[in-house]
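So the chains spell out like this:
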Amino acid sequence: MSFVSMPRQDLLESIKSLAAEKNIDQEIVFESLESAVAKIAKHKYGEEFNIVANIDRKNGAINVKRLFEVIESPESKGEEYDPNTMLTVAQAKKYSESPVVGDVVEDALPEPEFGRMAFQTARQIMTGRVRDAEKGIQYEEFKDNVGDIISGVVKRVEYGCLYVDINGKAEGYIKNSELIPGERLAAGDRIRALIMDVERSNSGPQIFLTRSHPLFMEKLFFQEVPEIYEGLIKIKSVARAPGSHAKVAVETQDPSIDAVGMTVGIKGTRIQPVINECHGEKIDVILYSEDPAVFIVNAMQPAKIAKIIVDEDTHTAYVVVTEDQQSLAIGRRGQNVRLASQLTGWNIEVLLESEEQERRAREVKEKTELFIGALDVDDMISHLLITEGFRTVEEIAFVDVKELESIEGFNAELASELQQRAKNYLAKQEQEYHDHGHEMGMSDDLLNFDFIKRPIIMKLGENGIKTLSDLADLASDELIEILGEDTMSERLANRVIMKAREIAYGISQEEE
């Protein structure tokens, strides 16, 4: 069988059929066949020539030609001169009536005959090109679906990791750490997973899947709850201990909709398929609130909270409970409070009422000592300031002076004097802070990074982070390792790094 004996309309039909079968653009098949024909022609007429082939898209005619660049003289090209691909104007007149320097002239060649070996070569070239095109299409298709759930069948299990056939189109990979703890899957099992990442490779797209990521659970709710899919109910955040416990925060702008009830469904009919897919994971659906205190109280379910104190400065919430609620609030191995912290983005500490009283007493003592030292006042004035709600020297320095004047026993003169002392103290602290930072070789852009507190910035400097660019180049786990898990959560570390990149490199959080 050879291409030369094939009717040209049959050639066009074959190209159209192959493109449809492989789900690729017909132009890719045309170009791969043209490359194959050109390669065979070069083998026949000489590899040294610049030979190209063109297939007419309308009638299927194959045109093979040799191309020459028109030059002024061999000397004009120097060492680049190649008699096999270049012709002078006089020589080019053989192929063109009025050639000029810079033109490309064509020498039509007979179409090469396709013997068995030539046909094999052409088929190999076409097969390779088509396969590459298929891989490219697969990559683009799955790259655009990152964050979506796919269904597939487990092909094989190796060292606890799964290889998944995705509808015969591609192969997905799930690392052991991305599976739900405790689930046992075998070859032939049907599985759903989230596309976490897609990378190019010579063998086709590498599709990394996950079943343990919080987004997997979120997308399952999109499939099971019509109101979430339609946008009437929004999932604000998800926190998971895969296979064990999860918390999902939902909200709605429609007052007629019960966001929690709709998500759970009558007798749990909507949430149960999600629980089953997540290997029996217990799921708490809670109502989101813009008020951090309300949101945190909701997130601590099923525990009942007696009192909550929110510290905006340290982004910490102190949750006060009675003794009978303490174990519920903390949860098994601290799971409940940890998930609530992940869900809300706040550091949450669970305290008994007696512990809260001790904490409050320590705080009053610390603030008293701070005000006495910073403002040079006695215990009485210090306690009056604390009683009126002042917690930092900054608040005293920048509050409207009339608020200080309104404190019982204060007058305009005392209020002005206290505010000036507070400003002097802060100015001195600021100077000492910058002097110390400069001594360690730290740059002003990091010293003036107001997104995190000064003691944390100094700790960064002590650990070799000297500029804002140094901070921006860190990964979240590296930042947590420097500062410690007690100081910075993963979520806060990501926010800090993104803010540093925004300032240092002009990268917005949307771009990130």
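See above for the structure.
Analysis parameters
Residues numbered from 1 in each chain as written. Predicted model: local features only at pLDDT ≥ 70, side-chain atom pairs only at ≥ 80, totals over all residues. Heavy atoms only, no water. Core = buried A, V, L, I, M, F, W, Y, C linked by side-chain atoms within 4.5 Å. Buried < 20%, exposed > 50% of the residue type's maximum accessible area, 1.4 Å probe, protein only. Helix = DSSP H or I, 4+ residues; strand = E, 2+ residues; numbered from the N terminus. Contact = heavy atoms within 4.5 Å. Salt bridge = Lys/Arg side-chain N within 4 Å of Asp/Glu carboxyl O. Phe/Tyr/Trp six-rings, centres within 6.5 Å; stacked < 30°, edge-to-face > 60°.

Novice: Run through the nonpolar core, naming residues and quoting values.
Specialist: Burial of nonpolar side chains together is a common tendency in soluble globular proteins. One finds Phe 449, Ile 452, Ile 457, Leu 460, Leu 471 and Leu 479 to be the most contacted residues of the largest nonpolar core, which totals 24 residues. Among the elements of the structure, helix 18 (444–447), helix 19 (454–462), helix 20 (468–472), helix 21 (476–483) and helix 22 (490–505) are those that each provide at least two residues to this core. Once you skip the residues sitting within four places of it in the chain, Phe 449 turns out to touch Ile 457, Leu 468, Leu 471, Val 496, Lys 499, Ala 500 and Ile 503.

Novice: An account of the pattern of salt bridges is requested, with residue identities and associated values reported.
Specialist: Applying the stated criterion across every chain yields a total of 19 salt bridges. Close ionic contact of Arg 240 with Glu 281 constitutes a salt bridge, the shortest N to O distance being 2.8 Å. Within this pair, whereas Arg 240 is found in strand 10 (residues 233–241), its partner Glu 281 is found in the loop between helix 9 (271–277) and strand 12 (282–287), the two being separated by 41 residues in sequence. For Arg 421, the salt bridge is made with Glu 417, and the minimal N-O distance between the two is 2.9 Å. A residue pair is termed a helical-turn pair when its members lie 3 or 4 positions apart in one helix, as Arg 421 and Glu 417 do in helix 17 (residues 412–439) at four residues. Note on Arg 421: relative accessible area 27%, which makes it partly exposed. One salt-bridge network, in which partners are shared between bridges, spans Glu 183, Arg 192, Arg 211 and Glu 277.

Novice: Now, about the packing of aromatic side chains: what can you tell me, with residues and values included?
Specialist: Under the counting rule described, the total for this entry stands at five aromatic pairs. Both rings, one in Tyr 163 and one in Tyr 173, keep their centres 5.2 Å apart while their planes meet at 50 degrees; by these two values the pair is tilted. Placement of Tyr 163 in strand 6 (residues 161–166) and of Tyr 173 in strand 7 (residues 170–174) is noted, with a sequence separation of 10 residues between them. Looking at Tyr 173, the relative accessible area reads 23%, which means it is partly exposed. Seen in terms of ring centroids, Phe 449 and Phe 451 are 6.0 Å apart; in terms of plane orientation they differ by 40 degrees. Their pairing is tilted. Taking relative accessible area as the criterion, Phe 451 reaches 33% and is therefore assigned partly exposed. A connected cluster of aromatic rings, assembled from ring pairs, spans Tyr 163, Tyr 173 and Phe 208.

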